Amino acid sequence: MVNFLIFGPPGSGKGTQSVKLAEKFNLLHLSTGDMLRAEIAAGTELGKKMSSIMSKGELVPDEVVIEMIAYKIDHSKGIAGFLFDGFPRTVAQTIALEKMLNDRKMKIDNMLVLDVDHDELVKRLVARAELSGRPDDKDPAVIENRIDVYKSKTEPIIAYCREKGIYQPVKGMGTIDDIFERLCGFMEKFV
Ligand code: AP5
Ligand code: MG
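Everything numeric here is computed off the predicted structure, so don't read it as measured data. (Residues numbered from 1 in each chain as written. Chains lettered and ligands numbered in written order. Predicted model: local features only at pLDDT ≥ 70, side-chain atom pairs only at ≥ 80, totals over all residues. Heavy atoms only, no water.)

Details of the overall build of the chain
Thought 1: Tallying secondary structure elements over the chain gives 10 helices and five strands in all.
Thought 2: Over its C-alpha trace the chain gives a radius of gyration of 16 Å, about what one expects of a compact globule, namely 16 Å for 191 residues.
Thought 3: The 191 residues of the chain split such that 46% are buried.
Thought 4: Expressed as a percentage of contacts within the chain between residues at least 6 apart in sequence, the contacts between residues at least 24 apart total 75%.
Thought 5: Summed over its atoms, the accessible surface of the chain is roughly 9,700 Å², and 54% of this surface lies on carbon and sulfur atoms.
Thought 6: Looking at charge distribution, the chain has the averaged site of its 27 positive side-chain charges lying 3 Å from that of its 29 negative ones. (Helix = DSSP H or I, 4+ residues; strand = E, 2+ residues; numbered from the N terminus. Rg over C-alpha atoms; globule rule 2.2 N^0.38 Å. Buried < 20%, exposed > 50% of the residue type's maximum accessible area, 1.4 Å probe, protein only. Contact = heavy atoms within 4.5 Å. Areas by Shrake-Rupley, 256 points an atom, 1.4 Å probe, with all protein chains shown as cover. Lys, Arg positive; Asp, Glu negative; His and termini not counted. Charge placed at Lys NZ, Arg CZ, Asp CG, Glu CD.)

Quick look at the structure:
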């Protein structure tokens, strides 16, 4: 099994690229944001509790996403590995993920960090708001808060992973296809 983190601020293209990469490398794409939105859409108790946190652009509690990921890791078959998108988002989530993988004789093989200018992030999310129906895309102040939360709570994971020798910055500006080719170039070394 080979496991990748696709990392970067909101709007950096994690979801867009993950769909393509998962197909190419037979990886299971695990997006905690998508899982949480599915809970909201299904009207579950968990979804109801999480939706106000998400619409403000704050992070949901670590335990909630760690439990979701643990379930998926233990109930997935026939794949070459996992592609984690939007998880981990705190150092505590990173430590929990490492433990989950280590306990199952796996590890995080590489972390691909999409580097995108601030103005481009905002431009992409504002444009998506029209189509996505995501409440966290509708309000520019919430978009800015998501970027701030990324900087304060999520970005420290980079230093943590870099120490462990798993950090690969990737230019995230340009066309979707060009970025995909760049990511594939880095991932092919591991599969
Ligand atoms: P999540 O769903 O993870 O959202 P996010 O991090 O805010 O990121 P996005 O999904 O908005 O961006 P993306 O990087 O996937 O970009 P995309 O490919 O869509 O999280 C949502 C919320 O859930 C969080 O705020 C939090 O509340 C909660 N949550 C989730 N996980 C959590 C966790 N682990 N812990 C705690 N809380 C958690 O692209 C964006 C747009 O740009 C699209 O329209 C796309 O078509 C377009 N685009 C992509 N690439 C390009 C390109 N190259 N050129 C032009 N446009 C492009
Ligand atoms: Mg996404």
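Now that the structure is up, let's keep going.
Let's talk about helix 6 (residues 118–132)
Thought 1: Counted at 1.5 Å a residue, the expected span for helix 6 with its 15 residues is 21 Å, and the 20 Å between its end C-alpha atoms agrees.
Thought 2: All of the buried residues in helix 6 are Glu-120, Leu-121, Leu-125 and Ala-129.
Thought 3: Where helix 6 is buried, its residues touch helix 7 (135–138) and helix 8 (140–154).
Thought 4: Following helix 6 by one or two positions, Gly-133 adopts a phi angle in the positive range, close to 70°. (Expected span 1.5 Å × (residues − 1).)

Concerning the site of ligand 1
Thought 1: In the neighbourhood of ligand 1, 31 residues make up the surrounding shell, with Thr-16, Thr-32, Glu-58, Arg-89 and Arg-128 lying closest.
Thought 2: Take Thr-16: an N or O atom from its side chain is 2.5 Å from an oxygen atom of ligand 1.
Thought 3: At 2.5 Å from an oxygen atom of ligand 1 is found a main-chain nitrogen or oxygen belonging to Glu-58.
Thought 4: Secondary-structure elements contributing two or more residues to the shell around ligand 1 are helix 1 (14–25), helix 2 (32–42), helix 6 and helix 10 (176–187).
Thought 5: When residues in the shell around ligand 1 are grouped by element, the largest group, four residues, is from helix 2. (Near = heavy atom within 4 Å. Polar contact = N/O pair within 3.5 Å; in protein donor to acceptor, adjacent residues only side chain to side chain.)

Concerning the nonpolar core
Thought 1: Among the nonpolar cores identified, the biggest contains 29 residues, and Leu-36, Ile-69, Ile-73, Phe-84, Leu-97 and Met-111 are the most heavily contacted of them.
Thought 2: Counting residues per element, the ones that place at least two in this core are strand 1 (4–7), helix 2, helix 3 (45–56), helix 4 (62–74), strand 3 (81–85), helix 5 (91–103), strand 4 (110–115) and helix 9 (156–163).
Thought 3: The greatest single-element share of this core, amounting to five residues, is contributed by helix 4.
Thought 4: Discounting chain neighbours no more than four positions away, the residues touching Ile-73 are Phe-82, Phe-84, Leu-97, Met-100, Leu-101, Arg-104 and Met-106.
Thought 5: If you look at the next biggest cluster of nonpolar residues, it comprises 15 residues, including Phe-4, Phe-25, Phe-180 and Leu-183. (Core = buried A, V, L, I, M, F, W, Y, C linked by side-chain atoms within 4.5 Å.)

A few points about the environment of Val-142
Thought 1: One can find Val-142 in helix 8.
Thought 2: Relative accessible area serves as the criterion here: at 11%, Val-142 is assigned to the buried category.
Thought 3: As a C-alpha pair, Val-142 and Glu-58 span 84 residues in sequence and 8.9 Å in three-dimensional space.
Thought 4: Those residues within four positions of Val-142 in sequence are excluded, and the remaining contacts are Ser-55, Lys-56, Gly-57 and Asp-136.

Side note on the sheet that holds strand 1
Thought 1: In spatial order, the strands read 2-3-1-4-5; together these five strands make up an open sheet with parallel pairing. Two strands close off the open sheet at either side, each with one partner strand: strand 2 (27–31) and strand 5 (168–171). Looking at each pair of strands side by side, their axes are set apart by 25° on average, direction ignored.
Thought 2: The pairing of strand 2 with strand 3 spans five bridges and is classified as parallel. Directly across from Leu-27, in strand 3, lies its bridge partner Gly-81.
Thought 3: Of the strands in this sheet, strand 2 and strand 3 touch helix 2, which is tilted by about 60° from strand 2.
Thought 4: Packing against the sheet, helix 9 makes contact with strand 1 and strand 4, and its axis sits at approximately 140° to strand 4. (Pairing = 2+ DSSP bridges. Axes fitted to C-alpha atoms, helices over the stretch in contact; angles between N-to-C directions.)

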